[in-house]
Amino acid sequence: MMLWLHGENGTEPAKFNIPHSVTLDSAGRVWVADRGNKRIQVFDKDTGEWLGAWTNCFTEEGPSSVRFTLDGKYLIVAQLNLSRLLFVAAPPAGSIGDCSVISTIQLADQVLPHLLDVSGKTGAIFVAEIGAKQFLLVYSRFWWILAIL
């Protein structure tokens, strides 16, 4: 049973150009990487209501994949052709606000991060990439703690 649907091609709110990845946050929002429009669009998970979009972090290239860190404090965004991962501050419930990049991981040339996942047990970040055709462990919990210190 389908509860709601957005899927028309376009640049207006709730329309897409290469919707590439989706993730949920603890506040009941669906975050969609709208790669071709260089933005992340946000929807209510129950009603499908469009809640807003982030565009200011993606002037060079749109997001190819999005996932929240285990603690929900950051949204990890893969940018395929820039070979990088962005760590963006997650907004509080009830607000979308503006995209605010906290940290960036620049990957090696020809490492093209395509899809992400975060371990629900350890918080480890896994990246499937299509340039060198590899599967990478980018951060384990131990490394993340060292990065914060």
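Here, every reference points to the structure presented above.
What counts and how
- Residues numbered from 1 in each chain as written.
- Predicted model: local features only at pLDDT ≥ 70, side-chain atom pairs only at ≥ 80, totals over all residues.
- Heavy atoms only, no water.
- Disulfide = S-S within 2.5 Å.
- Helix = DSSP H or I, 4+ residues; strand = E, 2+ residues; numbered from the N terminus.
- Buried < 20%, exposed > 50% of the residue type's maximum accessible area, 1.4 Å probe, protein only.

Draft legend 1. Quick look at the state of the cysteines. One pass over the structure, following the stated rule, counts one disulfide. With a sulfur-sulfur separation of 2.0 Å, Cys57 is cross-linked through a disulfide to Cys99. Here the S-S torsion is close to -110°, and the disulfide linking Cys57 with Cys99 is therefore left-handed. With Cys57 in the loop between strand 4 (50-54) and strand 5 (65-68) and Cys99 in the loop between strand 7 (84-89) and strand 8 (101-106), the pair connects residues that are 42 residues apart, well separated along the chain. As far as burial versus exposure is concerned, Cys57 and Cys99 are alike and both buried.

Draft legend 2. Structural view of unusual backbone geometry. A positive phi is found at Ile18, a non-glycine position, where the angle reads about 70°. Here Ile18 is to be found in the segment before strand 1 (19-24). The backbone phi angle of Gln110 is positive, close to 70°, even though this residue is not glycine. For Gln110, the position within the fold is in the loop between strand 8 and strand 9 (113-118).

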